[in-house]
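Spelled out from the first residue to the last, the chains are:
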Amino acid sequence: MNPDLHDLDAAGLLAAATEAERAARLAEVDKLQVLSKWAELHSSDPTEGPDGRHARRVGNVLRQVGGEGTPGVQDFCLGEIALARGAGVTATSNMLADVLDLEHRLPLTWAVCRRGECEVWVARRIAKLSRHLPADKVHVVDSAVSRMIATEAVGRVLEVAEAKVIEADTALHEERCEAERRRRYVGLGRTDEYGLRTLVARLEAGDVAAVDAIVQRVAEIIAPLHPDAHPDELRALAFGWLARPTELLQLLLEHTTPPPAPPEPELDLDLAEPADPDEPAPARAFAFPADLLDALRDLDLTPLASKAVLHVHLHEAVLNGTAGVARVEGLGPVTLTQLAELLRRFDVKVQPVKDLSSRVRYTAYEHPESLRDQVHLVTGGDYWPYAGSTSRHVDLDHPTPYQHTGHGDNGREPPPDQTGPHNSGPLGRRHHRWKTHAGYQSRQCGEGRYVWLTPHGLGFLVDHTGTHRLHPEKARIILEAPPGVDIYLG
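What you are looking at is a predicted structure, and each value in this text was computed from that prediction instead of being measured.

1. Comments concerning the environment of L310
Thinking step 1. For L310, the position within the fold is in the loop between α12 (290-297) and β5 (312-313).
Thinking step 2. L310 sits in the partly exposed class, given a relative accessible area of 39%.
Thinking step 3. Along the backbone, L310 and V348 are 38 residues apart, and their C-alpha atoms lie at a distance of 9.7 Å.
Thinking step 4. Those residues in contact with L310 that lie beyond four places of it in its chain are V328, L342 and L343.

2. Some points on the nonpolar core
The nonpolar side chains of soluble globular proteins are, as a tendency, buried together.
Thinking step 1. With 53 residues, the main nonpolar core has V73, L96, I126, I149, W384, W434 and W452 as its most contacted residues.
Thinking step 2. Element by element, the count of residues in this core is highest for helix α3 (residues 89-104), at seven residues.
Thinking step 3. Not counting residues up to four positions away in its chain, the partners in contact with L96 are L35, S36, A39, V65, V73 and L78.
Thinking step 4. In this structure, V218, A219, A229 and L252 belong to the second largest nonpolar core, which totals 12 residues.

3. Topic: helix α6 (residues 139-146)
Thinking step 1. Where α6 is concerned, the buried positions are V141, D142, A144, V145 and S146.
Thinking step 2. Of the surrounding elements, those touching the buried residues of α6 are α4 (107-114), α5 (120-129) and α7 (154-168).

4. Details of the confidence of the model for the chain
Thinking step 1. This prediction gives the chain a mean pLDDT of 83; 82% of its residues lie at or above 70.
Thinking step 2. The element-level mean pLDDT for the chain is lowest in α12, coming to 65, with α4 highest at 97.
Thinking step 3. pLDDT under 50 marks residues 267-275. Its contacts with residues more than four places away, or in other chains, come to one contact.

5. Points about the packing of aromatic side chains
Thinking step 1. Applying the stated criterion to the full structure yields six aromatic pairs.
Thinking step 2. Measuring from ring centre to ring centre gives 5.1 Å for W384 and W452, while their planes differ by 65°; the resulting arrangement is edge-to-face. With W384 in the loop between α15 (369-379) and β8 (395-397) and W452 in strand β11 (residues 450-453), this pair connects stretches of sequence that are 68 residues apart. Judged on exposure class, the residue W384 and its partner W452 are both buried.
Thinking step 3. Aromatic pair Y386 and F460: ring centres 5.9 Å apart, planes at 80°, arrangement edge-to-face.

How each quantity is defined
- Residues numbered from 1 in each chain as written.
- Predicted model: local features only at pLDDT ≥ 70, side-chain atom pairs only at ≥ 80, totals over all residues.
- Heavy atoms only, no water.
- Helix = DSSP H or I, 4+ residues; strand = E, 2+ residues; numbered from the N terminus.
- Buried < 20%, exposed > 50% of the residue type's maximum accessible area, 1.4 Å probe, protein only.
- Contact = heavy atoms within 4.5 Å.
- Core = buried A, V, L, I, M, F, W, Y, C linked by side-chain atoms within 4.5 Å.
- pLDDT = per-residue confidence, 0-100.
- Phe/Tyr/Trp six-rings, centres within 6.5 Å; stacked < 30°, edge-to-face > 60°.

Structure representation (structure tokens):
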């Protein structure tokens, strides 16, 4: 705590709170301005030849990350500024797009930000919200927002901004609405620390109603098995049955009689006829013809069961009874109880454990699938500094670039043993392209340990504990060491 705060009374603390908030806002503005200046330094077209014509259209090209009317930015410059910030490339690119939009498309709102009078994140949200608008129409949003962003509640500001985006170009909004109607999807959130995960779906309204009917019917069937479950929890349990269609079908077949309907209110009408309790009307969720029901009951539904490959990481001590946590790829950390619950409904076939100590080396450029699997298990994902991807769907890179020639009697053969766990690392496609063409250097210096040096001399060490800053000279020593020489990183 700032020692000066101890001497402040209530009025002084209130003034300090106001100033601290303003300082935090101005610090966010400074971050944006640094990115803007970096973009300005890299705004010339690298594909343009001396005669003004485009010499090439691949590699380090000029990209427009912001909306219409914002200057372009060289693609290869984004990686290094992201590393300097200790942030991901996507987050940095999004922030750059926001500041370029604020400067060139929303200047009135940007002026309020620079005075520290509003929350910068709100202005960035509006920049993203209006990015699709043409340059000659976005002023409608800027004019309205700039007058209220410093004085109105955030919800009110965003509500007005959304309305002004529609007003600025109604025809474009209608086109986007039509396009959105064609963008149906099912999305998954991250698995939280409790082993729970959010699923979001965007479907036709009729499909949603049908899914809801199935979920409600299954909830009614399984309710006696979970007497203490809250109705929302019961529906969540029922939804999980959709992932097991064979069990779901069997459950519905075993409960083809609908639950008794709640009593209807008495009507004092001569035309009202009481419902016959012996003839309940079947719901869509279980309205099968009788002969079809009999046929389905006799079927072996086992072949319909879904199949999947699950990668589970466990320490050997856990298998011997020591308390521990399992890591399931795609789900995250789970307890052994949660893992047992996950697997209990399935026929499990255990594959052989991978021997990560294998040191098989190959002369060919291509990485065999067995090596790809081994490298992923050691690294855990993309080895670019600060990368967050743990996906297996990435490129496999040679940290020390592969040499296709220079060996053999004629010098046209590749040197041996260039591909293996000693010189392999997973990289996302964009990171791989930058590493290959944008002047980055890397070298593997141990199992799952990689040293990086950026074009402007920033050094990093990436290992199982994360990304660490490394003195550039130490990085150069490692990168320039002869092959086979081990460098100690103390």
